[in-house]
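Topology and contacts: notes
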Amino acid sequence: MKKPLAAVGNQSGRRKQASSQEGKKKCAFSSSQSKLSAPSAGLARQQKALLQASVSPYHLFRDVAEVTAFQESLLGWYDRKKRDLPWRRLVEGEVDLDRRAYAVWVSEVMLQQTQVATVINYYTRWMQKWPTLQDLASASLEEVNQLWAGLGYYSRGRWLQEGAQKVVEELGGHMPRTAETLQRFLPGVGRYTAGAIASIAFGQAAGVVDGNVIRVLCRVRAIGAEPSSSLVSQHLWNLAQQLVDPARPGDFNQAAMELGAIVCTPQRPLCSHCPVQSLCRARQRVEREQLSASQSLPGSGDVEECAPNTGQCPLCAPPTEPWDQTLGVTNFPRKASRKPPREECSAICVLEQPKALGGARILLVQRPNSGLLAGLWEFPSVNVNAEASGQHQREALLQELQSWVGSLPDTRLQHLGQVVHTFSHIKMTYQVYGLALEEHTPVTIVPPGARWLTREDFRTAAVSTAMKKVFRMYEGQQPGTCKGSKRSQVATLSKRKKPSPGQQVLESFFRPQVPTDAPSLNSAAQ
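Conventions adopted
- Residues numbered from 1 in each chain as written.
- Predicted model: local features only at pLDDT ≥ 70, side-chain atom pairs only at ≥ 80, totals over all residues.
- Heavy atoms only, no water.
- Helix = DSSP H or I, 4+ residues; strand = E, 2+ residues; numbered from the N terminus.
- Buried < 20%, exposed > 50% of the residue type's maximum accessible area, 1.4 Å probe, protein only.
- Contact = heavy atoms within 4.5 Å.
- Core = buried A, V, L, I, M, F, W, Y, C linked by side-chain atoms within 4.5 Å.
- Polar contact = N/O pair within 3.5 Å; in protein donor to acceptor, adjacent residues only side chain to side chain.
- 1 Å grid on protein atoms, 1.4 Å probe; cavity = no way out; pocket = protein on both sides within 12 Å on 5 of 7 lines; lining within 4 Å.
- Points joined across faces, edges and corners; volume = space filled by probe spheres on them.
- Nonpolar A, V, L, I, M, F, W, Y, C, P; charged D, E, K, R; others polar.
- Axes fitted to C-alpha atoms, helices over the stretch in contact; angles between N-to-C directions.
- Parallel < 35°, antiparallel > 145°, perpendicular 65-115°, else oblique.

It is worth spelling out the overall build of the protein at this point. A tally of helices and strands in the protein yields 20 helices and nine strands. Each of the 526 residues in the protein was classed as buried or not, and the buried ones make up 51%. Long-range contacts, defined as pairs at least 24 residues apart, comprise 72% of the intrachain contacts of the protein with a sequence gap of at least 6.

With that settled, the discussion passes to the environment of Leu 133. Inspection of the secondary structure puts Leu 133 in helix 6 (residues 133-137). Given the relative accessible area of 3%, Leu 133 is considered buried. It is 9.2 Å that separates the C-alpha atoms of Leu 133 and Ala 103, two residues lying 30 residues apart in sequence. The residues touching Leu 133, leaving out its near neighbours within four places in the chain, are Asp 98, Tyr 102, Trp 105, Ala 164, Val 167, Val 168, Gly 173 and Met 175.

This part takes up the nonpolar core. Within the largest apolar cluster, 73 residues are counted, with the highest numbers of intra-cluster contacts made by Trp 105, Trp 126, Phe 379 and Tyr 430. No other element matches the ten residues that helix 4 (residues 97-111) contributes to this core. Non-local contacts of Trp 126, meaning those with residues more than four positions away in its chain, are made with Tyr 102, Val 106, Met 110, Leu 136, Val 144, Leu 147, Trp 148, Gly 157 and Leu 160. Phe 61, Trp 77, Ile 214 and Ala 222 belong to the second-largest nonpolar core, a separate cluster that totals 50 residues.

By secondary structure assignment, the location of Arg 177 is in the loop between helix 8 (155-171) and helix 9 (179-185). A relative accessible area of 9% means that Arg 177 is categorised as buried. A polar contact is formed between the side chain of Arg 177 and the side chain of Asp 98, at a distance of 2.6 Å. Of the polar contacts made by the side chain of Arg 177, one reaches the backbone oxygen of Met 175; its length is 2.8 Å.

Applying the stated criterion across every chain yields a total of five cavities of 30 Å³ or more. Volume-wise, the largest cavity comes out at about 120 Å³. For the largest cavity, the lining is made up of 14 residues, of which Arg 219, Cys 264, Cys 271, Cys 274 and Cys 280 are closest to its centre. Among the elements that take part in the lining of the largest cavity, helix 11 (residues 211-220) stands out by supplying three residues, more than any other. Residue composition of the lining of the largest cavity, by class: twelve nonpolar, one polar and one charged.

Bringing the side chain of Gln 204 into the picture now. In this structure, Gln 204 sits in the loop between helix 10 (191-202) and helix 11. Gln 204 sits in the buried class, given a relative accessible area of 19%. At 2.8 Å, the side chain of Gln 204 forms a polar contact with the backbone nitrogen of Ala 179.

Time to look at the packing of helix 11 against helix 12 (residues 230-243). Two measures define how a pair of helices packs: the angle their axes make with one another and the distance between the axes. The contact between helix 11 and helix 12 brings their axes to 10 Å, and the two run at 90 degrees. Relative to helix 12, helix 11 is oriented roughly perpendicular. On helix 12, the residues that touch Ile 214, Leu 217 and Cys 218 of helix 11 are Leu 236, Leu 239, Ala 240 and Leu 243. The residue inventory of the contact of helix 11 with helix 12, partitioned by class, reads seven nonpolar, no polar and no charged.

Set out below in structure tokens:
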């Protein structure tokens, strides 16, 4: 990325420019936040000192020269190889600090747990519809959910809107200028996102750690312990802060993430293309093991290089997980054990009035404003026990339907099949039913929180991907369509389409959410 006008040059000049634009209100805000963060900053320094005292130099950068070599090699590669992405183009040409920060903020939030290839279209449409903080602040949650539909993790869109409203109402439209104040003030913004905004938009020398950076740092410094542990996480943040280039912090952070996305990938990394391979402990370990194998010598363990003062090194892999020759550098980082998503079951019904005035209508109801898929629209449903009989499901679902539209003929409630959809923490099985009110008196009045939509309106409504799967199953059962067997429909809706070769390349652009921003991903708020 080219150097932003206000994010390069000497630091004092940048601060003066930011101060002149923000005014007294923003200065007061920054001052109060600095006072609040002082004790926590002191505690962080103490923790950093204790951690460094217990860490072998093998997992550190030796001196300034080694750090400088890493910075220059990485930034030189980034200048030559960086991808052309819409948020980078937007930031490069934007001189207004608040608009630049907003553009970065939106991109970073969208990129959490989502592939770059998927985000590009959503980001472009979002910035066309709401190019400024003020535009987003005046939007409705319904509009936000509608544009976000299909992107997943829907609380992210809600937090963006809530944050924009806070900035406009409480700070006069001026974004907080530091990573600390961004994290403290903006809902849903954790340490990683705050650091990314502060470094890219404002030129603050704040290191960042996301999934790509974790992988790069664990390989470069041969960190084999569990990355999500508090000690390893703190060490990674210390390394990121040590490495970030104060002259080009935003470019450096993007370069580190870019390296992890397209070169230092989870599987089949392109080590021969890596600009920092000469500094990579994992690569050195591979070469040493290959040499030992060719000479029929015993493999060398980490202890020869790491040599902790006492006991097991807290940053090395545990003795129970020895080096695997077949994995090479992908021995690092250690694979985290993931808890499988809990399984739930729901009976859901597509209720349609084929002969409604103005064309056929289907019933949608709105989810609560908190919890899973908050505020989105869906077909009427009820949670059921996975072992419940079909009769029990029908009775519970019919009761739910009648609470919205009154008396209904239960004999026409038809089971169509099942749709399986996995959210971040829930594997949901939908038992799909259909009910067409062919001879029923048209229902025109429904309680608040429900609406009748045409099929065309449904396709652009704020509904989740799971609801689109359910509706596809319903459409496949209608006269004049190719129904097929229920077994084949379930398989089609549950199985992911095999990606094309081009899409397979884009798989490497996946940017996972950094652990410090992750509470939202593990809560029902998604």
